[in-house]
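# Observations on the three-dimensional arrangement
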Amino acid sequence: MIVTAGRTDKHDWLHRLGLKTVLNHRLPDYARQLNNTAPSGITRNFENIGGSAHWVAQWR
């Protein structure tokens, strides 16, 4: 599971919940991070951000 969050406190909270892969969708290299994390693609996508984060996940 890949999770995105835009703030450090959310990253920390998600890691404490046990999620291992947390990406920051606000960083300029988000698309590169996502491609490196899921080189074979994404099977399911639930997102609640919209905008560029949605397009990077949907059309990569």
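Shown above is the structure to which this text applies.
Computed from a predicted structure; not experimentally measured.

What follows covers the pattern of salt bridges. Pairing is possible between side chains of opposite charge, provided their charged atoms come close. All chains considered together, the criterion is met by two salt bridges. Linking Asp-29 and Arg-32 is a salt bridge whose minimum nitrogen-to-oxygen distance equals 2.4 Å.

Now for the environment of Leu-14. Inspection of the secondary structure assignment puts Leu-14 in helix H1 (residues 8-16). Put simply, Leu-14 and Val-3 are 11 residues apart on the chain and 8.3 Å apart in space, counted from C-alpha to C-alpha. With residues near it in sequence (within four places) discarded, Leu-14 still touches Val-3, Ala-5, Leu-19 and Val-22.

All buried positions along helix H2 (residues 30-37) are accounted for by Tyr-30, Gln-33 and Leu-34. The arc that holds every buried residue of H2, seen down its axis, measures 95°, which confines them to one face.

Of note, Asn-24 is situated in the loop between strand S2 (21-23) and H2. Of note is the side chain of Asn-24, whose polar atom sits 2.8 Å from the backbone nitrogen of Arg-26. Not counting residues within four places of it along the chain, the set of residues in contact with Asn-24 comprises Ala-5, Gly-6, His-11, Tyr-30 and Gln-33.

What counts, and where the lines are drawn
Residues numbered from 1 in each chain as written. Predicted model: local features only at pLDDT ≥ 70, side-chain atom pairs only at ≥ 80, totals over all residues. Heavy atoms only, no water. Salt bridge = Lys/Arg side-chain N within 4 Å of Asp/Glu carboxyl O. Helix = DSSP H or I, 4+ residues; strand = E, 2+ residues; numbered from the N terminus. Contact = heavy atoms within 4.5 Å. Buried < 20%, exposed > 50% of the residue type's maximum accessible area, 1.4 Å probe, protein only. Arc of directions from axis to C-beta. Polar contact = N/O pair within 3.5 Å; in protein donor to acceptor, adjacent residues only side chain to side chain.

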